[in-house]
Each structure stands twice: as structure tokens, then as C-alpha cells.
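Remarks on the overall topology
Residue-level listing of the chains:
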Amino acid sequence: MNITRRTVLAVLAALALTVAIAPAASASEQEAPVVKVAGEVRITQDGTKVFAAFEVKSTGPAAAGMDHQPAKGVLEYRDGNGLRFKVSIEHIHAHSANEVHFGGVIVKASDPTLIGKHAHMVAVDNGKRGDRFSVLLTAAGTHEHAPPVLVERGELVVKVR
């Protein structure tokens, strides 16, 4: 009978611990915002006409001590100089309810020297006539961004919830 009582107490203690930990785990999952950005835009950046199409969504919370959340998505870029590339998006960060920064690695390009480099984007959703966007290429995944410029044609949508 002592063994049965110990077993019951052990099971109850384990159940109480599980119940106590579960809300903390689900609370941390709920704290991570769902961040999305999508659009097709034409801008003039550094004197060059640029077209970019993109769709990105966060896939979970940021790692401890990090601002950027993991993300999945793609950006396709082409410009007036004939440059084309495709970016596999890896991270996203909401700076506000209408501004996100996102980026990833170039996986395909008309210029093969760009493959493996990083692209960093800023998207600001100010409504149909006031959206802003930018693209910056870097050799590493350093957190850098170009100042966003006015979207001349097209639209982007930022959602943070």
C-alpha cells in the first residue's frame, strides 16, 4: 500500500508540475507577434528603377536576445540595369505596426557573384500613396538597411498581430 500511495503522489506531483509549466510555455508562444509583409512595388533607388515582388511571414518567436524572428518567404528582384535575383527570406522584424525589416540569402541571380550574399529590405505601409521600400545587398548577414524610398507603383501590406 505504501508503494501505491507513493506512485499516486508522484503522478500527482508530475501532473501539478505539468499544469504549472504549460501556461508559461504557451504565454511565451503567444508573445511572439505574427509578422507578415507582401507586395509588388516599383521604386527608384540610387537612380535605378527597381521592381520587387515579395511575400514573407514569421515562423516563430525570436531567439533569446535577438530582435529578428525566423521567417519564410521569397523576394524576387529585377532592375533597369538587367540585374535579377531571388532571395530566400530567413528573418523578419516588426519595428512598428506598419514597418518591417526582413532579409535573407540570394539563392539565384543573373550575376552569379551575388549568390550567397545577403539582401536586407525595409517595408513601410503608409497606405496606397505613401508606401516606402528599400533593398540593400551586403556580403554578410549584418543588420544594415538602406533608407526606404517612395513606392512609385504597386502596393505593399504589413500586418503585425
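Below: a short report on this structure. Note that the structure is a prediction, hence the values are computed from the model and not measured.

**A word on the packing of aromatic side chains**
- Tallied over the full model, the rule gives 4 aromatic pairs.
- Considering the side-chain rings of F54 and F102, the 5.7 Å spacing of their centres and the 40 degrees angle between planes classify their relative orientation as tilted. Placement of the pair is F54 in strand 2 (residues 48-58) and F102 in strand 5 (residues 99-109), with a sequence separation of 48 residues.
- Owing to a relative accessible area of 0%, F102 belongs among the buried residues under this scheme.
- Geometrically, the ring pair formed by F54 and F133 is stacked, given 4.8 Å between the ring centres and 5 degrees between the ring planes. In this pair, F54 is assigned in strand 2 and F133 in strand 7 (residues 132-138), connecting sequence segments 79 residues apart. Like F133, F54 is buried.
- The structure contains a cluster of three or more aromatic residues connected by ring pairs, namely F54, F102 and F133.

**Description of the nonpolar core**
- Membership of the largest hydrophobic core comes to 28 residues, with the highest contact counts inside it found for V37, F54, L75, F85, F102 and F133.
- When contributions to this core are tallied by element, the ones reaching two or more residues are strand 1 (35-45), strand 2, strand 3 (69-79), strand 4 (84-94), strand 5, strand 6 (118-124), strand 7 and strand 9 (153-160).
- Leave out the neighbours within four places in its chain, and F85 touches L75, E76, Y77, I106, K108, A109, L114, A119, V135 and L137.

**Some remarks on unusual backbone geometry**
- Of note in this structure, D46 is not a glycine but carries a positive phi near 55 degrees.
- Of note, D46 is situated in the loop between strand 1 and strand 2.

**Some points on the sheet that holds strand 7**
- Across the sheet, 9 strands lie side by side as 8-7-6-5-4-3-2-1-9; this open sheet has antiparallel pairing. Whereas interior strands pair on both sides, the edge strands pair on one side only; in this sheet they are strand 8 (149-150) and strand 9.
- Bridge count between strand 1 and strand 9: 8 bridges; the pairing is antiparallel. Bridged to V41 within strand 9 is G154.

**With respect to the pairing of strand 7**
- Strand direction decides the pairing type here: strand 6 and strand 7, joined by 7 bridges, are antiparallel. Note that in strand 7 the partner of A123 across the bridge is F133.
- Both strand 7 and strand 8 contribute to a ladder of 2 bridges, which runs antiparallel. Note that in strand 8 the partner of F133 across the bridge is V149.

What counts, and at which threshold
Residues numbered from 1 in each chain as written. Predicted model: local features only at pLDDT ≥ 70, side-chain atom pairs only at ≥ 80, totals over all residues. Heavy atoms only, no water. Phe/Tyr/Trp six-rings, centres within 6.5 Å; stacked < 30°, edge-to-face > 60°. Helix = DSSP H or I, 4+ residues; strand = E, 2+ residues; numbered from the N terminus. Buried < 20%, exposed > 50% of the residue type's maximum accessible area, 1.4 Å probe, protein only. Core = buried A, V, L, I, M, F, W, Y, C linked by side-chain atoms within 4.5 Å. Contact = heavy atoms within 4.5 Å. Pairing = 2+ DSSP bridges.

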